[in-house]
Amino acid sequence: SQTIHQWPATLVQPVGSPLSLECTVEGTSNPNLYWYRQAAGRGLQLLFYSVGIGQISSEVPQNLSASRPQDRQFILSSKKLLLSDSGFYLCAWRRTGTSGASYNEQFFGPGTRLTVL
Amino acid sequence: GQNIDQPTEMTATEGAIVQINCTYQTSGFNGLFWYQQHAGEAPTFLSYNVLDGLEEKGRFSSFLSRSKGYSYLLLKELQMKDSASYLCAVAGVGGSTLGRLYFGRGTQLTVWP
């Protein structure tokens with residue numbers, strides 16, 4: 001079976017500090033990977049998605065970046081956090097090379113709650 | 001562009017039936033998902049519709065009309081544990097939208113005893 005991990009679960013960081021959030025997927029190969037942010041009371045905002053190692057598409061031009069150094073590892077980073085970066089960060093994965101009802105389904109990790117002070 | 005619209009909040013009482021609507025205007029359509037998200041947790045899959053009609057799964061049903069750009073999630077015999085946010089999402093078709101889900105802002109459902 002497939003599982004997705006995210007860490008840390010919670011994080012409190014001062015403004016201007018760096019950030020690194022990690023996401024790993026087990027039990028599948030060559031997944032599509034996604035980073036979302038959810039601000040309090042808001043919907044899911046897609047930040048980055050990746051279809052393969054080293055391939056990153058950015059949806060929101062901000063002070064965040066993403067990398068995919070390995071097939072099942074996805075990292076979200078920032079050099080200097082802003083107050084507006086606070087939120088709930090979710091990593092998700094999607095199967096590739098399949099068809100049918102589950103083709104577009106995304107599976108979410110447990111999330112990281114980031115508070116920037 | 002992609003526009004997914006759903007009500008912000010709804011309330012209902014335990015044992016009742018509630019219908020959460022979702023309308024969408026997207027450049028392509030490859031199916032519609034409903035996810036449930038409890039506070040502080042990750043969204044979890046509830047249902048998927050790609051053809052018109054009703055899909056029933058236990059207490060939950062989901063309906064789709066592609067011609068109207070409309071879907072609803074029907075929750076029967078409401079329980080306190082159904083209090084959560086319900087997210088409507090449309091799957092992109094191809095090009096830059098392939099593999100993407102476009103989410104609405106979510107409907108926060110509160111179930112009262």
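Residues numbered from 1 in each chain as written. Chains lettered and ligands numbered in written order. Predicted model: local features only at pLDDT ≥ 70, side-chain atom pairs only at ≥ 80, totals over all residues. Heavy atoms only, no water.

Novice: Report on the sheet that holds strand β1 (residues 3-7) of chain A, specifying residues and quantitative values.
Specialist: Residues and elements named next belong to chain A. Spatially, the 4 strands line up as an open sheet ordered β1-β3-β8-β7, and their pairing is antiparallel. Strands at the two margins of the open sheet, each flanked by one partner only, are β1 and β7 (64-70). Strand-to-strand, the axes of this sheet are offset by a mean angle of 15°, without reference to chain direction. In the sheet, β1 pairs with strand β3 (residues 19-26) via 5 bridges, with the strands oriented antiparallel. Bridged to H5 within β3 is T24. (Pairing = 2+ DSSP bridges. Helix = DSSP H or I, 4+ residues; strand = E, 2+ residues; numbered from the N terminus. Axes fitted to C-alpha atoms, helices over the stretch in contact; angles between N-to-C directions.)

Novice: Lay out the sheet that holds strand β8 (residues 70-75) of chain B with the relevant residues and their values.
Specialist: By definition, the strands of a sheet pair up through backbone hydrogen bonds, in either a parallel or an antiparallel sense. Residue and element names in this part refer to chain B. Taken together, 5 strands build an open sheet; the order of strands is β1-β3-β8-β7-β6 and the sheet is antiparallel. Unpaired on one side and paired on the other, β1 (3-5) and β6 (53-57) mark the two borders of the sheet. Ignoring strand direction, the axes of neighbouring strands in this sheet form an average angle of 15°. Sheet topology note: the strand β7 (residues 60-65)/β8 ladder contains 6 bridges and is antiparallel. Paired with F63 across the bridge in β8 is Y72.

Novice: Before we move on, can you summarise the nonpolar core with the specific residues and values?
Specialist: Membership of the largest hydrophobic core comes to 22 residues, with the highest contact counts inside it found for L32(B), W34(B), L75(B), Y86(B) and L109(B). Mapped onto this core, the elements with two or more residues apiece are β2 (9-13), β3 (18-25), β4 (32-37), β7, β8, β9 (84-91) and β11 (107-112) of chain B. Once you skip the residues sitting within four places of it in the chain, L75(B) turns out to touch A16(B), I17(B), V18(B), I20(B), R59(B), F60(B), D82(B), Y86(B) and L109(B). The next biggest cluster of nonpolar side chains, apart from the first, holds 20 residues, and it includes V60(A), F74(A), C91(A) and V116(A). (Core = buried A, V, L, I, M, F, W, Y, C linked by side-chain atoms within 4.5 Å. Buried < 20%, exposed > 50% of the residue type's maximum accessible area, 1.4 Å probe, protein only. Contact = heavy atoms within 4.5 Å.)

Novice: So what's going on with the confidence of the model for chain B? Residues and values would help.
Specialist: Any residue range with low pLDDT should be treated as having predicted coordinates unsuitable for detailed reading. With 96% of its residues at a pLDDT of 70 or more, chain B has an overall mean of 93. When pLDDT is averaged over each helix and strand of chain B, the minimum, 91, is found for strand β10 (residues 101-103) of chain B and the maximum, 98, for β8(B). (pLDDT = per-residue confidence, 0-100.)

Novice: Describe the interface of chain B and chain A, with residues and values.
Specialist: As a measure of interface size, the accessible area lost when the parts come together is often cited. Listed by partner, the interface residues are 20 residues for chain B and 20 residues for chain A. Here chain B meets chain A over a buried area of about 1,700 Å², counting both sides, of which 52% is carbon and sulfur. Per-residue buried area on chain B facing chain A is highest for G99(B), R100(B) and R105(B); these three make up 29% of the total on that side. Here R100(B) ties to E59(A) by a salt bridge, and the two come within 2.7 Å at their closest N and O atoms. For the interface between chain B and chain A, the tally reads 4 residue pairs in polar contact (both at pLDDT 80 or more). Within the residue set of the side of chain B that touches chain A, elements represented by two or more residues are β4, β5 (44-49), β9 and β10 of chain B. Top contributing element to the side of chain B that touches chain A by residue count: β4(B), with 3 residues. For the side of chain B that touches chain A, a count of residues per class yields 10 nonpolar, 7 polar and 3 charged. (Buried area = accessible area lost by both parts, 1.4 Å probe. Salt bridge = Lys/Arg side-chain N within 4 Å of Asp/Glu carboxyl O. Polar contact = N/O pair within 3.5 Å; in protein donor to acceptor, adjacent residues only side chain to side chain. Nonpolar A, V, L, I, M, F, W, Y, C, P; charged D, E, K, R; others polar.)

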